[in-house]
Amino acid sequence: MAEPFAWLNGALCPVDRALISPADRGFTLGDGIFETIRVANGAPRHLPLHLARLRQGADQLGLAVPLSGAQFQTAISALLAASALQNATLRITLTRGAGPRGLLPPANPTPTLLITCAPFIAAAPEISAIICQSTRRNEFSPLSHIKSLNYLDSIIARREAAARGAEDAIMLNTKGDAVAASAANLFVLQNGSWATPPVRDGALAGTLRARLLACGLAHEAPLPPESLFSAACVCLGNALSVRMLTMLDGQALQTNAAAAQALRLVWEAAR
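Here the residue numbering is sequential within each chain, running from 1 through the sequence in written order. Residues qualify for local features only when their pLDDT is at least 70, as the model is predicted, and side-chain atom pairs are given and counted only at 80 or more; totals for whole chains, interfaces and linings, by contrast, use all residues. Heavy atoms from the whole structure form the basis of all side-chain values; hydrogens and water molecules are not counted.

Novice: Would you mind showing me how to read the overall build of the protein chain here?
Specialist: Along the protein chain, the regular secondary structure elements total 7 helices and 15 strands. Note on method: radius of gyration uses C-alpha positions; expected globular size equals 2.2 Å times residues raised to 0.38. Relative to the 2.2 N^0.38 estimate, which gives 18 Å for 271 residues, the radius of gyration of the protein chain is 19 Å and therefore close to what a compact globule would have. When its C-alpha atoms are laid out on the principal axes, the protein chain stretches across 50 × 40 × 35 Å. Expressed as a percentage of the 271 residues in the protein chain, the buried residues total 48%. For this analysis, residues touch if any pair of their heavy atoms sits within 4.5 Å. A sequence separation of at least 24 residues applies to 68% of the contacts in the protein chain between residues at least 6 apart. Just so you have it, the protein chain exposes about 12600 Å², and 57% of that area is on carbon and sulfur atoms. The charged-residue count follows a simple rule in which Lys and Arg add positive charge and Asp and Glu add negative charge, with His and chain termini not counted at all. Each charge is placed at NZ for Lys, CZ for Arg, CG for Asp and CD for Glu. Distance from the positive charge centre (22 side chains) to the negative charge centre (18 side chains) of the protein chain: 4 Å. Think of it this way: any DSSP run of H or I at least four residues long counts as a helix, any run of E at least two long counts as a strand, and we number them from the N terminus. Three exposure classes are used, based on accessible area relative to the maximum for each residue type with a 1.4 Å probe and protein chains only: buried under 20%, partly exposed in between, and exposed over 50%. The Shrake-Rupley method, run with a 1.4 Å probe sphere, supplies the accessible areas, and residue values consider only the shown protein chains as cover.

Novice: Is there a simple way to explain the sheet that holds strand β4 (residues 43–44) in this structure?
Specialist: Sheet strands pair by backbone hydrogen bonding; their relative direction is either parallel or antiparallel. With antiparallel pairing, the 6 strands of this open sheet are ordered in space as β2-β1-β6-β5-β3-β4. If you trace the sheet from one side to the other, it starts and ends with β2 (11–14) and β4, each paired once. Here an axis means a line fitted to C-alpha atoms, over the contact stretch when the element is a helix, while the angle between two N-to-C directions is reported on a 0 to 180 degree scale. Most of the contacts of helix α2 (residues 47–61) go to strand β3 (residues 32–40), to which it runs at about 175°, and overall it touches β3, β4 and β5 (88–95). Pairing between strands is defined by DSSP: at least two bridges between them are needed.

Novice: I keep staring at the packing of aromatic side chains and nothing clicks. Help me out?
Specialist: One pair of aromatic rings is described through two measures. These are the centre distance and the angle between the planes. The pairing test for Phe, Tyr and Trp rings, Trp by its six-membered ring, is centres within 6.5 Å, and the orientation test on the planes gives stacked under 30 degrees, edge-to-face over 60, and tilted for anything in between. Counted by the stated rule, this structure contains 1 aromatic pair. Here the guanidinium or amino end of Arg38 rests over the ring plane of Phe120, the centre of that ring lying 5.7 Å away. For a ring to carry a charge above it, either NZ of a lysine or CZ of an arginine must fall within 6 Å of the ring centroid while also lying within 35 degrees of the normal to the ring plane. Between the NZ or CZ atom of Arg38 and the centre of the ring of Trp267, over which it lies, the distance is 4.0 Å.

Novice: I keep staring at the environment of Trp267 and nothing clicks. Help me out?
Specialist: Position of Trp267 among the secondary structure elements: in helix α7 (residues 257–268). Given a relative accessible area of 12%, Trp267 falls into the buried group. The contacts of Trp267, once residues within four sequence positions are left out, are Arg38, His46, Phe120, Leu208, Arg211, Asn238, Ala239, Leu240, Ser241 and Val242.

Novice: Honestly, the pairing of β3 in this entry has me stumped. Any pointers?
Specialist: Here is the key point about a regular strand: its side chains alternate between the two faces of the sheet. Within β3, 9 of the 9 residues are buried, which leaves the element mostly enclosed by the surrounding structure. The side-chain alternation of β3 yields two buried faces, one formed by Gly32, Phe34, Thr36, Arg38 and Ala40 and the other by Ile33, Glu35, Ile37 and Val39. Bridging between β3 and β5 involves 8 bridges; their strand directions are antiparallel. Following the sheet pairing, Gly32 is matched in β5 by Thr95. Note that β3 and β4 share 2 bridges and pair antiparallel.

Novice: Quick question: what am I supposed to make of the layout of surface pockets here?
Specialist: Gaps left between atoms show up when a probe the size of a water molecule is rolled over them. Only protein atoms enter the 1 Å grid, on which a cavity is a set of points fitting a 1.4 Å probe that cannot get out and a pocket is an open set with protein on both sides within 12 Å along at least 5 of 7 lines, lining residues being those with an atom within 4 Å of a point. Grid points are joined across faces, edges and corners, and a volume is the space filled by probe spheres set on the points. Within this model, the largest pocket holds a volume of roughly 570 Å³. Arg137, Tyr151, Ser154, Ser182 and Leu204 are the residues nearest the centre of the largest pocket, which is lined by 31 residues in total. Among the elements of the structure, β3, α2, α4 (152–163), β9 (178–181) and α5 (207–214) are those that each provide at least two residues to the lining of the largest pocket. Residues are grouped as follows: nonpolar covers Ala, Val, Leu, Ile, Met, Phe, Trp, Tyr, Cys and Pro; charged covers Asp, Glu, Lys and Arg; every other residue, Gly included, is treated as polar. Split into classes, the residues belonging to the lining of the largest pocket amount to 13 nonpolar, 13 polar and 5 charged. Estimates place the volume of the second largest pocket at around 400 Å³. Arg158, Asp168, Ala183, Asn238 and Arg243 are the residues nearest the centre of the second largest pocket, which is lined by 20 residues in total. If you tally residues by element for the lining of the second largest pocket, the top one is α4, at 3 residues. Residues that form the lining of the second largest pocket fall into these classes: 11 nonpolar, 5 polar and 4 charged.

Novice: Sorry, what's going on with empty space enclosed by the protein here?
Specialist: Inspection of every chain in the model, using the stated rule, returns 1 cavity of 30 Å³ or more. When its volume is computed, the largest cavity comes out at roughly 70 Å³. Going through the elements one at a time, β3 and α5 are the ones with two or more residues in the lining of the largest cavity. Residues belonging to the lining of the largest cavity are distributed by class as follows: 4 nonpolar, 3 polar and 3 charged.

Novice: What is the right way to read the pattern of salt bridges from this model?
Specialist: Close approach of charged atoms lets side chains of opposite charge pair. Should a side-chain nitrogen of Lys or Arg be within 4 Å of a carboxyl oxygen of Asp or Glu, the pair is scored as a salt bridge. Applying the stated rule across the entire model yields 9 salt bridges. For Arg53, the salt bridge is made with Glu35, and the minimal N-O distance between the two is 2.8 Å. Taken together, the residues span a long stretch of sequence, with Arg53 in helix α2 and Glu35 in strand β3 at a distance of 18 residues. Of the two residues, Arg53 and Glu35, neither departs from the other in class, the shared state being buried. Asp201 is the partner of Lys175 in a salt bridge, and the nearest nitrogen-oxygen pair spans 3.2 Å. Of this pair, Lys175 sits in the loop between β8 (168–172) and β9 while Asp201 is found in the loop between β11 (193–196) and α5, placing the two residues 26 residues apart along the sequence. In this structure Lys175 comes out as exposed when scored by relative accessible area, which is 55%. In this structure Asp201 comes out as buried when scored by relative accessible area, which is 4%.

Pasting the structure below:
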């Protein structure tokens, strides 16, 4: 395997030489956003959707995105070539950059833009989960709608899942509805149709979710936690996988391999 490389602020460099200031607000305050992208056969899948979401998040936080779409593509291609990777997991991280102590950002910040990649490892097609009790997604917070660098609620949820012998956690919002897994959107098969929680309820506007809604394979609906136990099938999906939920809070769920495969076909689509 080739030496791991990163793309940092306009230049390729070995990962161990990718130096970021200790005063970077992404490190000190989580002041930034990120995107995780699947690369298949050398091509980043659905890059325009990911970049659009990156820009929306940046606009919400008042961050400057220093590259155009074409420039992102050039940087990503150079990184994948240097890393000799055709099938990879790519991450774009954008922070506000270095700043003085305190919460208020500097007047004219210089953003930090980091792109990294790693070999793609396919996830198992089935997964177990618990309904998280230790934290909730706050549907009233702007952070529930963007991929911010603060993932502490998801980390808390995933640690609870591990402590309870499960692989993931279904997170509830402040109303008590199920809205997401720790790092994936939630899809519940009801009466022959996939339902997924609305963004206004605290669900992240995932790129796979957007494509499933666009092609009519899914629709938005609130999901009380009890609906997961009675559903014909439950899947967790994001840019990297579609996984069928087989066990929830220690209870076996109904499964439907054919229905889950229909979601995977959309996930696998190059366009």
